[in-house]
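Below are the chains, spelled out letter by letter.
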Amino acid sequence: MSHMTLGDGRIKEFSRCKAYDGITSVKVDVNGIEEEVIIDPELGPRILKVDGSPGGMHDVNRLPVANPAPVIGMDGSGHVGLKKSWKLYTSTEMKVCIAQAAKINRSRRALQE
């Protein structure tokens, strides 16, 4: 079960998003050009290296850590806020992450064309 903390401190639980379970790639329109994004089932959308070559095992697009101001839940790593695995992303977070990966990949391919 996933959860999020609301502004008033209440915790809302919800089932994890299963929209991309079993999906290995999606096609995204980036400024009129179709860009295929490979999705790692554990880590999320893969991004290309700067030279346009396929990325390594950890070249995936992740959402940045949210809430840079000190908040309850600081984990001691120096990072504060939201850190979670791909499987615990909400459907909106997954869509945003895939769209970002498509734009990054399109930009990196364009540099090589």
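On a predicted model such as this, the values are computed, not experimentally measured, just so you know.

**Student:** Any chance you could explain the pattern of salt bridges here in plain terms?
**Tutor:** Charged atoms that come close allow side chains of opposite charge to pair. On inspection of all chains with the given rule, the structure shows nine salt bridges. A salt bridge links Glu35 to Arg109; the shortest N-O distance between them is 2.6 Å. Of this pair, Glu35 sits in strand β4 (residues 33–40) while Arg109 sits in helix α1 (residues 91–112), and the two are 74 residues apart along the sequence. Overall, the relative accessible area of 2% leaves Glu35 in the buried class.

**Student:** Would you mind showing me how to read the sheet that holds β4 here?
**Tutor:** Across a sheet, strands are paired by hydrogen bonds formed along the backbone, either parallel or antiparallel in direction. Here we have three strands laid out as an open sheet, ordered β3-β4-β5, and antiparallel in their pairing. Two strands close off the open sheet at either side, each with one partner strand: β3 (25–30) and β5 (44–45). Running at roughly 120 degrees to β4, α1 makes contact with β3, β4 and β5 of the sheet.

**Student:** Even after reading the chapter, I still don't get the nonpolar core, so can you show me in this structure?
**Tutor:** Core analysis: the largest hydrophobic core is formed by 15 residues, its most contacted members being Tyr20, Val26, Val28, Val37, Trp86 and Ile98. At the level of elements, β3, β4 and α1 are the ones that each hand at least two residues to this core. In terms of residue count, α1 provides more of this core than any other element does, five residues in total. Excluding residues that lie within four positions of it along the chain, Val26 makes contacts with Tyr20, Glu35, Glu36, Val37, Ile39 and Ile98.

**Student:** What's the story with α1 in this structure? I'm lost.
**Tutor:** Every α-helical turn comprises 3.6 residues, leaving residues that sit three or four positions apart pointing alike. Its 22 residues place the ends of α1 32 Å apart at the C-alpha level, agreeing with the 32 Å of an ideal helix rising 1.5 Å per residue. The complete set of buried residues in α1 reads Glu93, Met94, Cys97, Ile98, Ala101, Ala102, Asn105 and Arg106. Of the surrounding elements, those touching the buried residues of α1 are β3, β4 and β5.

**Student:** Got a minute to help me understand the environment of Glu113 in this structure?
**Tutor:** Relative to the helices and strands, Glu113 resides in the segment after α1. Glu113 gets classed as exposed once you look at its relative accessible area, which sits at 70%. Here the alpha-carbon distance between Glu113 and Gly52, two residues 61 residues apart in the chain, equals 9.6 Å.

**Student:** Would you mind showing me how to read the confidence of the model for the protein here?
**Tutor:** When pLDDT is low, close inspection of the predicted coordinates is not appropriate. Taken over all residues, the pLDDT of the protein has a mean of 83, while the share at 70 or more is 80%. When pLDDT is averaged over each helix and strand of the protein, the minimum, 68, is found for strand β1 (residues 2–5) and the maximum, 98, for β3.

**Student:** Can you help me understand unusual backbone geometry in this one?
**Tutor:** Glycine aside, negative phi is the norm for most residues, and most peptide bonds take the trans geometry. If you check the backbone angles, Asn31 has positive phi at about 50 degrees while not being a glycine. Inspection of the secondary structure assignment puts Asn31 in the loop between β3 and β4. Judged by its relative accessible area of 77%, Asn31 is exposed.

**Student:** What exactly am I supposed to notice about the packing of aromatic side chains here?
**Tutor:** Aromatic rings in a pair are described by how distant their centres are and how their planes are angled relative to each other. Here the structure, examined in full by the defined rule, presents two aromatic pairs. Relative to Trp86, the ring of Tyr20 has its centre 6.4 Å away and its plane inclined at 45 degrees; by these criteria the two rings are tilted. With Tyr20 in the loop between β2 (11–14) and β3 and Trp86 in the loop between β5 and α1, this pair connects stretches of sequence that are 66 residues apart. The pair Tyr20 / Trp86 is uniform in exposure class, with both members buried. Each member of the aromatic cluster is reached from another via a ring pair, and the members are Tyr20, Trp86 and Tyr89.

Conventions adopted
- Residues numbered from 1 in each chain as written.
- Predicted model: local features only at pLDDT ≥ 70, side-chain atom pairs only at ≥ 80, totals over all residues.
- Heavy atoms only, no water.
- Salt bridge = Lys/Arg side-chain N within 4 Å of Asp/Glu carboxyl O.
- Helix = DSSP H or I, 4+ residues; strand = E, 2+ residues; numbered from the N terminus.
- Buried < 20%, exposed > 50% of the residue type's maximum accessible area, 1.4 Å probe, protein only.
- Pairing = 2+ DSSP bridges.
- Contact = heavy atoms within 4.5 Å.
- Axes fitted to C-alpha atoms, helices over the stretch in contact; angles between N-to-C directions.
- Core = buried A, V, L, I, M, F, W, Y, C linked by side-chain atoms within 4.5 Å.
- Expected span 1.5 Å × (residues − 1).
- pLDDT = per-residue confidence, 0-100.
- Phe/Tyr/Trp six-rings, centres within 6.5 Å; stacked < 30°, edge-to-face > 60°.

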